[in-house]
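Here's the letter readout for the chains.
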Amino acid sequence: PHSLPPESTPFIGRDHELATLTAWFDDPDCRVVAITGPGGIGKTRLALRAAASAAGAEPGMGWLRFVDGACFVPLDRFPPDRHGAE
């Protein structure tokens, strides 16, 4: 139950960041996670890998952490901010 795009290349490294995201996903008090940083550092790739793992989309993951699955919503397609910032 997910709408995550498939990975086109192997995912290497970022074990610490994935562990941190997994811990946040396991925390019932954590309702929203935002990954921020400069463009091109792999935020989307990291988020997709973490979501795939949490949704049971990775090989060997037979359980679901999220009852409703995971959904990919690309925000780069939204128009620039209406308040003048681009």
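Parameters at a glance
- Residues numbered from 1 in each chain as written.
- Predicted model: local features only at pLDDT ≥ 70, side-chain atom pairs only at ≥ 80, totals over all residues.
- Heavy atoms only, no water.
- Helix = DSSP H or I, 4+ residues; strand = E, 2+ residues; numbered from the N terminus.
- Buried < 20%, exposed > 50% of the residue type's maximum accessible area, 1.4 Å probe, protein only.
- Contact = heavy atoms within 4.5 Å.
- Areas by Shrake-Rupley, 256 points an atom, 1.4 Å probe, with all protein chains shown as cover.
- Salt bridge = Lys/Arg side-chain N within 4 Å of Asp/Glu carboxyl O.
- Axes fitted to C-alpha atoms, helices over the stretch in contact; angles between N-to-C directions.
- Parallel < 35°, antiparallel > 145°, perpendicular 65-115°, else oblique.
- Left-handed = near helix turned anticlockwise from the far one by under 90°.
- Nonpolar A, V, L, I, M, F, W, Y, C, P; charged D, E, K, R; others polar.
- Core = buried A, V, L, I, M, F, W, Y, C linked by side-chain atoms within 4.5 Å.
- pLDDT = per-residue confidence, 0-100.

Once that is clear, we can look at the overall build of the chain. Looking only at helices and strands, the chain has two helices and zero strands in total. Within the span of the chain, comprising 86 residues, buried residues form 17% of the whole. Sequence-distant contacts, at least 24 apart, represent 62% of the contacts inside the chain between residues at least 6 apart. Looking at the chain as shown, the accessible area adds up to about 6,600 Å², and 57% of this sits on carbon and sulfur atoms.

Here the focus is the pattern of salt bridges. Counted by the stated rule, this structure contains three salt bridges. Arginine 45 serves as the salt-bridge partner of glutamate 7, at 3.2 Å between the closest nitrogen and oxygen. In this pair, glutamate 7 sits in the segment before helix H1 (15-26) while arginine 45 sits in helix H2 (residues 43-54), placing the two residues 38 residues apart along the sequence. Several salt bridges share partner residues, and in doing so they unite Glu7, Arg45 and Arg49 into one network.

Turning our eyes to something else, we now look at the packing of H1 against H2. Two elements in contact, H1 and H2, have axes separated by 10 Å at closest approach and are oriented at 50°. Our classification of the angle between H1 and H2 gives oblique. In terms of crossing hand, the pair formed by H1 and H2 is right-handed. Mapping the contact onto sequence places Glu17, Leu18, Leu21 and Phe25 in H1 and Leu46, Arg49, Ala50, Ala51 and Ala54 in H2. Tallied by class, the residues present in the contact of H1 with H2 amount to seven nonpolar, no polar and two charged.

Attention shifts here to the nonpolar core. Membership of the largest hydrophobic core is limited to six residues, which are Leu4, Leu48, Ala51, Ala52, Ala55 and Ala70. Membership of the second largest hydrophobic core comes to five residues, among which are Phe11, Leu18, Leu46 and Ala50.

The subject of this paragraph is the confidence of the model for the chain. Looking at the chain as a whole, the pLDDT averages 77, with 77% of positions reaching at least 70. Predicted confidence is poor over residues 59-63, with pLDDT under 50, and the contacts of this stretch with residues over four places away or in other chains come to six contacts.

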